[in-house]
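Read off the chains here:
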Protein chains: 6
Amino acid sequence: MFLPRKIIERKLFEFLKEDLGHGDITTSILIPENVKVKAEIIAKEPGIIAGIEEAKILLESLGIKAEAKIKDGQKTSGGKTILKLEGNARTILAVERTLLNLISRMSGIATQTNRIVEKVKAAGYKTKIACTRKTAPGLEYFDKKAVWLGGGDTHRLHLDDMILIKDNHIAIIGSIKEAVKIAKEKASFSKKIEAEAASVDEAIEAARAGADIIMLDNFSPKQVREAVKKLEEEGIRDKVLVEVSGRINEENVLEFASMGVDIISLGILTHSVKALDLSLEVKQVTA
Amino acid sequence: MFLPRKIIERKLFEFLKEDLGHGDITTSILIPENVKVKAEIIAKEPGIIAGIEEAKILLESLGIKAEAKIKDGQKTSGGKTILKLEGNARTILAVERTLLNLISRMSGIATQTNRIVEKVKAAGYKTKIACTRKTAPGLEYFDKKAVWLGGGDTHRLHLDDMILIKDNHIAIIGSIKEAVKIAKEKASFSKKIEAEAASVDEAIEAARAGADIIMLDNFSPKQVREAVKKLEEEGIRDKVLVEVSGRINEENVLEFASMGVDIISLGILTHSVKALDLSLEVKQVTA
Amino acid sequence: MFLPRKIIERKLFEFLKEDLGHGDITTSILIPENVKVKAEIIAKEPGIIAGIEEAKILLESLGIKAEAKIKDGQKTSGGKTILKLEGNARTILAVERTLLNLISRMSGIATQTNRIVEKVKAAGYKTKIACTRKTAPGLEYFDKKAVWLGGGDTHRLHLDDMILIKDNHIAIIGSIKEAVKIAKEKASFSKKIEAEAASVDEAIEAARAGADIIMLDNFSPKQVREAVKKLEEEGIRDKVLVEVSGRINEENVLEFASMGVDIISLGILTHSVKALDLSLEVKQVTA
Amino acid sequence: MFLPRKIIERKLFEFLKEDLGHGDITTSILIPENVKVKAEIIAKEPGIIAGIEEAKILLESLGIKAEAKIKDGQKTSGGKTILKLEGNARTILAVERTLLNLISRMSGIATQTNRIVEKVKAAGYKTKIACTRKTAPGLEYFDKKAVWLGGGDTHRLHLDDMILIKDNHIAIIGSIKEAVKIAKEKASFSKKIEAEAASVDEAIEAARAGADIIMLDNFSPKQVREAVKKLEEEGIRDKVLVEVSGRINEENVLEFASMGVDIISLGILTHSVKALDLSLEVKQVTA
Amino acid sequence: MFLPRKIIERKLFEFLKEDLGHGDITTSILIPENVKVKAEIIAKEPGIIAGIEEAKILLESLGIKAEAKIKDGQKTSGGKTILKLEGNARTILAVERTLLNLISRMSGIATQTNRIVEKVKAAGYKTKIACTRKTAPGLEYFDKKAVWLGGGDTHRLHLDDMILIKDNHIAIIGSIKEAVKIAKEKASFSKKIEAEAASVDEAIEAARAGADIIMLDNFSPKQVREAVKKLEEEGIRDKVLVEVSGRINEENVLEFASMGVDIISLGILTHSVKALDLSLEVKQVTA
Amino acid sequence: MFLPRKIIERKLFEFLKEDLGHGDITTSILIPENVKVKAEIIAKEPGIIAGIEEAKILLESLGIKAEAKIKDGQKTSGGKTILKLEGNARTILAVERTLLNLISRMSGIATQTNRIVEKVKAAGYKTKIACTRKTAPGLEYFDKKAVWLGGGDTHRLHLDDMILIKDNHIAIIGSIKEAVKIAKEKASFSKKIEAEAASVDEAIEAARAGADIIMLDNFSPKQVREAVKKLEEEGIRDKVLVEVSGRINEENVLEFASMGVDIISLGILTHSVKALDLSLEVKQVTA
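Residues numbered from 1 in each chain as written. Chains lettered and ligands numbered in written order. Predicted model: local features only at pLDDT ≥ 70, side-chain atom pairs only at ≥ 80, totals over all residues. Heavy atoms only, no water.

**Student:** Can you help me understand the overall build of chain A in this one?
**Tutor:** On a plain count of helices and strands, chain A comes out with 11 helices and 13 strands. Expressed as lengths along the three principal axes of its C-alpha atoms, the size of chain A is roughly 75 × 40 × 25 Å. Long-range contacts, defined as pairs at least 24 residues apart, comprise 72% of the intrachain contacts of chain A with a sequence gap of at least 6. A total accessible area of about 10000 Å² is found for chain A, and carbon and sulfur atoms account for 47% of it. Averaged over its 45 positive side-chain charges, chain A has a centre that lies 3 Å from the centre of its 43 negative ones. (Helix = DSSP H or I, 4+ residues; strand = E, 2+ residues; numbered from the N terminus. Contact = heavy atoms within 4.5 Å. Areas by Shrake-Rupley, 256 points an atom, 1.4 Å probe, with all protein chains shown as cover. Lys, Arg positive; Asp, Glu negative; His and termini not counted. Charge placed at Lys NZ, Arg CZ, Asp CG, Glu CD.)

Printed below as a string of structure tokens:
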């Protein structure tokens, strides 16, 4: 998920602008124009850090020196400095909250993702852990990047990069088989086709019709097992990827992983995030 | 927090645009141009609903009829339809995820806020429950509005609407007393002045220097009690509002409320949100 | 490629704004404020029409009634009215050039694409004709949509919807095999992986390494034949899609189609466009 | 047509953003963050180069060193390096297509314009070759600048910089004479007034009424000759500029030039462009 | 200066957005969501009204009915209602200040312009009164339109619609003669060429070199007379327009007008504006 | 009112873009690409300078060196250089007018504000002089900042930073008392509450109801005296700030100041501005 820094910079300025309104009135009143400070961002609890690249881009574009003490995707043990800043005090204070909000959300996402990824890996499964498009509005790029840094799969990035036939499409068209058939005829060769099945029968139909990926939506473990077994019996298990989704969380994820599915996707990775606790501390006035 | 709908519409379009990329390729391939459907958004769990106004603005601006079955700020018991939609199928399917992401986040915030507000109220306290500026980046308006709908106080909206002297300002200036003094001289008469105290002594100093609000930051319950007592002893308790902040959550909130503080602020209200579970279901193809 | 009309409207307004500057000074001086007219857009030569949807969106958003006399993707014989307009004269005259520029470019693209698509189809081949990302700057959406309306395949929409390993990636990494291997490990399961081969050997390597699509770049017909043959000999022809690209045009397209490739992509479809000749004629002053 | 580089930079970023979507996923997966490369853009066929200034602005704003080997408006013989690049590999690969699309279109326009300009000049005529507003949507600035670099006249830049009375204005007002009269009364002194004549009589009427420029629209050579002659007979030939437009191309341009008109304008210069063939080649990995 | 209303709407929303911040908190707290009112905008002093078109566009786009009681460019005697509004109370109160700020500035400009225009006309002179580019930043369109509504000439609209050679250009090039010569060779045929003369000699030189308009900059009345006389003696007075500019105001404007110049331009028309006094009064609560 | 320079830069570019259209055609024709000059901005009359920070930001972002010879808020005696520039001639000439328009407006505002502030101070009063929201549209930030630099109070910055109950709110709600009561219940603790009184009785009612600030709107001096006296008699004078507004100007300001009010606000400070006379002079061609 590479965007040149100038493109990211523009997104970050939108966040900053919203918080500034007509400006930081506290800082402009209290802090003289040319004061310079050294400051540090400290992770107050352990977790996977994400958002360092974005933080550096925002700070450097505002003329603040920023030295990362950890890389995106790495684990901090808590109580550690993750970023050192040096520059104009007014600017650092004005950007502080926007900066922390971004890193703490992204790190929160990366941390939760990584915990689940590692749990599955530790249990010996190769199942991929993926997020969904259930991100905070406007934060699709940052939320998905945080999942990626946590070791998760970004899944469909937005509405134009994969054919994903969902329950409502099928409700309108009439059958999953017909939907997959139309998609195979009309979609660009460059796209994978995934279909969301509401039953074991639908899963088999979709696979037979040539879908690249079958999503078993809100299946019970028993249903998942049955679907996988039928795909194997029909000899088409290796022609499709199998994804399970719906009602899966950190507690029950291993049960699903154990059934030989390829991908487990969880909305919780991005829609229900616990921010990582961070603070910015001014350490020294340098001028 | 009133914004004319055209202004909100523009914010919502930014969210939608990000998810669309070059367009909803699944829908354009599967669903004929003129299909019309009736659909419903269903809250799958109980909670306080927020985001209905925004949902209606987004849908109506896209030519979709939207009928609210609940008002913003009201409680749903779960399993209930909160919004009925009718219109072009392609448009409804393309906007579905953006719409649900917004309502589920806002409702999640309103629900958590309301639970704490009601807990404090039920215990007989008048303490206000406020959020902070620890919102998701770019969502300051929506996150704060959701807090408000949940019965919470929005606190400072952004950097230009109150003087809030924080630890880092004081670190640069040297003392809370001096900082409050400068603020009183230079700030517009239209602004309240709040100062963040790191100790009981700082709290008293700030109050004496004329701050309108004293924030007791990361105080233990014992320290809070001491600060309030000293303010009373000095006869200045009723000249200031007292806010406590830091390490407060649903579990320990009543302990702080019991000490006679005016405001309790919690970052958790907006930085660690559990989305309310919603789904959009196509009910009928009408054309 | 479905975008809700409000999203397209915003793109179209950017085009209009550029041409307006501080406004249409001729029209404001000559045409009284409330004059209403009927007008028609006429295709002065035969071709496939594209851009009608966009024209209607732009016109209707400006308060002009627009009645299409042909659908996007249909063939006009030339000399025919394709769109009837009715409304405020100033507005129609101010938008005329922007409107015609868009429809004539999109129709030019659709027409050229369709001619090649039909040629290949008439010769009995199932080869898909695809465009590339060699569009006019800023017109990726409209250019690709026009290709689609002409019967072509849109190929990769932009940089985030498929893994496409190109010569310069391979130059940096060292070998196509290694590049495909890394992509297979790290890419999201939701993406197809295509690799651009510079030789028959590279093509085979990429296929063996598990690429979904092999692009034979600037291959002579002889080399194409050899590559296809080798893929068949190795028994992996049906595991990959084969795309040829480079130096292909309307004249030599059948030669490549005859070799059993799956996709032929042509930059010319979008980078070298002959606009379809259109004019807008005011037919009647109605008020 | 001078715009400060920061203003052009913003236009170029819009182009880049459209192609990036959520980012270059191929490059982010394959190319490590800190790889640096040297690369070259090569013109694979002869032509007039345009877009070098824009390319440098875009590259330098992204932190890439760019050294031009040719100036805008100069001729390349083909097979030559026109721009050398050095910098971060990910950035260069992500911007490659946007960059090439812009230079190849602008150079295509400059090349076609220059060929016609030189043809007319070689035949000994002083007639100016001008483009129209028939540009690609959103590319008015770049298309017109390319015409200028090719030696052509930019004509009216957009709707606010000249009074240009066209057929549809006259259709509403009733007569060209009346239209010119109104324009002379109401237009700012700072504007030239041009009128589009559909017949020899209209041309004479417009000149008599005081138009600065007469456009002979879709006139046959015979009609052009007649119009010029009549203007001379009336003694007003030197009070107006005469422009011919409509159905003129590289083949018949000399015939019109030979009749002593001042300006020949051709829509083809910008609406039907053959892109100049370019490629970007990574030459060396430097870090 | 015609812009379609949707384009103006976008400019007006930018103004509104700046004033709203996170919303009108007073109105959202005090006024229930569905209250409807009738209100009136009253001109509290006499003047020329401008901005009615913009006011209607802004109001109607926000869903407020707006009925103009006067047209742009007409005179009000003061104490009169100029616009009647009806609609949602919250929206009307939130937009009130932005609306009044725009109309009062535009009307202030139109009033001052008209007073000078009428003074010159009453004295029997045909001299045009023009503004300059000395507008408020970002308000070039609205300021120039107000001048136009007041009966003034808009002069150059921005930097791309006329060649205007100023003192600093001449300082770099060396002589006004050389500057005009270069401009005549290189400028598009569609542009007028104006040159700013600092002395009588420069004025004559510029006219001889073929400038369309000569600006006598900061000339004393005596110098203006001398310049006009010399132009007549050389027989080139009727080949150029003569503009005077600099240190001209309502008091001395007739002296300059009396010397037979064609245009008098005044920066004061847009840089030093007295706003027309307006108020918005809620007349009736209707729902 | 501190905004990081990148945020201000973006606002300034919007101003510049509007004036540029498709570019500075005079400069591009006359001035070779690489000419460098030294230039100076000269204040031609005495006043308080404002806008230097903005000028530096704009110039430096365009690659022009800018050396301030005076600080924002300082007094110039007229005829003095306030800013020295050095850099690319084309860029300096293209930005000249936008730059001067901004500094001359801001300095005009600061100068008028300062004159009134000093007059009140010289007479021995502590009354604050405040502006209103009657700014030029889109210039709220710059106009308010200029007032601040002139020594004035910025008052409410926009609609979200204070509760200000105005005549129209009261007209809808029914009484000032009720309005203040609702505001006290519902407003965030972080906001001050001001109420606009139309009579002495309303002023007293509002103060009793707990408003923080009472605005005496369009009161005669006699009414102001009466209101202040009654507040004292009720013993609530020191619980509220008293602001007078309406029909106050430089002439009568001392009369109001003499009555012991806390704040005098004047719309004239920002809605009726006389620009400070400035010019930019190229001093030397350096390359």
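**Student:** What's the story with the interface of chain B and chain F in this structure? I'm lost.
**Tutor:** Interface size, as often reported, equals the accessible area lost upon joining of the parts. Taken together, the contacts link 23 residues of chain B with 23 residues of chain F. When the two sides are added together, the surface that chain B and chain F hide from each other amounts to roughly 1700 Å², 54% of it contributed by carbon and sulfur. Of all residues in chain B, Phe189(B), Ser190(B) and Lys192(B) bury the most surface against chain F, accounting for 39% of the area lost on that side. Across the contact surface, chain B and chain F share two salt bridges. Between Lys191(F) and Asp161(B) there is a salt bridge, with the nearest N and O atoms lying 2.4 Å from each other. (Buried area = accessible area lost by both parts, 1.4 Å probe. Salt bridge = Lys/Arg side-chain N within 4 Å of Asp/Glu carboxyl O.)

**Student:** Explain the relation of the copies chain B and chain F to me, please; I cannot follow it from the model alone.
**Tutor:** There are two copies of the chain, and a rotation about an axis plus a shift along that axis relates them. Aligned on chain F, chain B shows an RMSD of 0.0 Å; the corresponding rotation is 180 degrees and the shift along the axis is 0.0 Å. In short, the pair behaves as if placed about a two-fold rotation axis. Closest to the rotation axis within chain B is the C-alpha of Asp161(B), separated from it by 2.2 Å. Comparing interface residues between copies, 100% of those in chain B also lie at the interface in chain F; the contact surface is shared. (Least-squares fit on C-alpha atoms with pLDDT ≥ 70 in both.)

**Student:** Looking at this model, I keep getting lost on the relation of the copies chain A and chain B. Mind explaining?
**Tutor:** Overlaying chain A on chain B yields an RMSD of 0.0 Å, the required transformation being a rotation through 180 degrees with an accompanying axial translation of 0.0 Å. Both copies contact each other with a shared surface, as 100% of the interface residues of chain A are interface residues in chain B too.

**Student:** Would you explain the packing of helix 4 (residues 89-122) of chain E against helix 5 (residues 140-149) of chain E in this entry?
**Tutor:** Working note: a packed helix pair is described by the angle between its axes plus the distance between those axes. Residue and element names in this part refer to chain E. Look at helix 4 against helix 5: their axes get within 7 Å of each other, and the N-to-C directions meet at 40 degrees. Viewed along their axes, helix 4 and helix 5 adopt a mutual orientation that is oblique. The two elements helix 4 and helix 5 meet at a crossing, and its hand is right-handed. Of the residues in helix 5, those touching helix 4 at Leu102, Arg105, Met106, Ile109, Ala110 and Thr113 are Phe142, Asp143, Lys145, Ala146 and Val147. Looking at the contact of helix 4 with helix 5, its residues break down into seven nonpolar, one polar and three charged. (Axes fitted to C-alpha atoms, helices over the stretch in contact; angles between N-to-C directions. Parallel < 35°, antiparallel > 145°, perpendicular 65-115°, else oblique. Left-handed = near helix turned anticlockwise from the far one by under 90°. Nonpolar A, V, L, I, M, F, W, Y, C, P; charged D, E, K, R; others polar.)

**Student:** So what exactly am I meant to see when it comes to the packing of helix 7 (residues 176-186) of chain F against helix 8 (residues 200-209) of chain F here?
**Tutor:** Residue and element names in this part refer to chain F. Look at helix 7 against helix 8: their axes get within 8 Å of each other, and the N-to-C directions meet at 25 degrees. The pairing of helix 7 with helix 8 is recorded here as roughly parallel in orientation. Taken as a pair, helix 7 and helix 8 cross one another with a handedness that is right-handed. For the pair formed by helix 7 and helix 8, the contact residues are Ile176, Lys177, Val180 and Lys184 on the first element and Glu202, Glu205, Ala206 and Ala209 on the second. Here the residues of the contact of helix 7 with helix 8 are counted per class, giving four nonpolar, no polar and four charged.

**Student:** In this structure, what is going on with the pairing of strand 1 (residues 36-43) of chain A? I would like to understand it.
**Tutor:** Residue and element names in this part refer to chain A. Of all eight residues in strand 1, six are buried, a share of seventy percent or more. Here strand 1 pairs with strand 5 (residues 80-88) via eight bridges, running antiparallel. The partner of Lys36 across the bridge, within strand 5, is Asn88. Bridge count between strand 1 and strand 13 (residues 278-285): seven bridges; the pairing is antiparallel. Across the sheet, Ala43 pairs through a bridge with Leu278, a residue of strand 13. (Buried < 20%, exposed > 50% of the residue type's maximum accessible area, 1.4 Å probe, protein only. Pairing = 2+ DSSP bridges.)

**Student:** What is the right way to look at the domain arrangement of chain A in this model?
**Tutor:** Residue and element names in this part refer to chain A. By domain assignment, chain A separates into domain 1 (5-110 + 273-285) and domain 2 (118-271). Taking only C-alpha atoms into account, the centre of domain 1 sits 36 Å from that of domain 2. With 16 residues of domain 1 at the contact, the number on the domain 2 side is 13 residues. When domain 1 packs against domain 2, close to 1200 Å² is buried across both sides, 67% of that on carbon and sulfur atoms. For domain 1, the biggest contributors to the area lost against domain 2 are Arg105, Met106 and Ile109; these three give 39% of the whole. Across the contact surface, domain 1 and domain 2 share three salt bridges. (Domains from an automatic or database assignment.)

**Student:** Sorry, what's going on with the sheet that holds strand 9 (residues 213-217) of chain F here?
**Tutor:** Strand pairing in a sheet takes place through backbone hydrogen bonds and is either antiparallel or parallel in direction. Residues and elements named next belong to chain F. Pairing is parallel across the open sheet formed by six strands, whose spatial order is 6-11-10-9-8-7. Because the sheet does not close on itself, it has two edges, and the strands there are strand 6 (128-130) and strand 7 (163-165). Neighbour-to-neighbour, the strand axes of the sheet open up by a mean angle of 20 degrees, direction not taken into account. Note: strand 7 against strand 8 (residues 193-197), three bridges, orientation parallel.

**Student:** It is not clear to me how the sheet that holds strand 10 (residues 241-245) of chain E should be interpreted in this structure. Could you clarify?
**Tutor:** Residue and element names in this part refer to chain E. Taken together, six strands build an open sheet; the order of strands is 6-11-10-9-8-7 and the sheet is parallel. Either end of the sheet is taken by a strand with one partner, and the two such strands are strand 6 (128-130) and strand 7 (163-165). Sheet twist, expressed as the mean angle between neighbouring strand axes with direction ignored, is 20 degrees. Looking at chain direction, strand 8 (residues 193-197) and strand 9 (residues 213-217) are connected through four bridges and run parallel. For Ala195, the partnering residue across the bridge sits in strand 9 and is Ile214.

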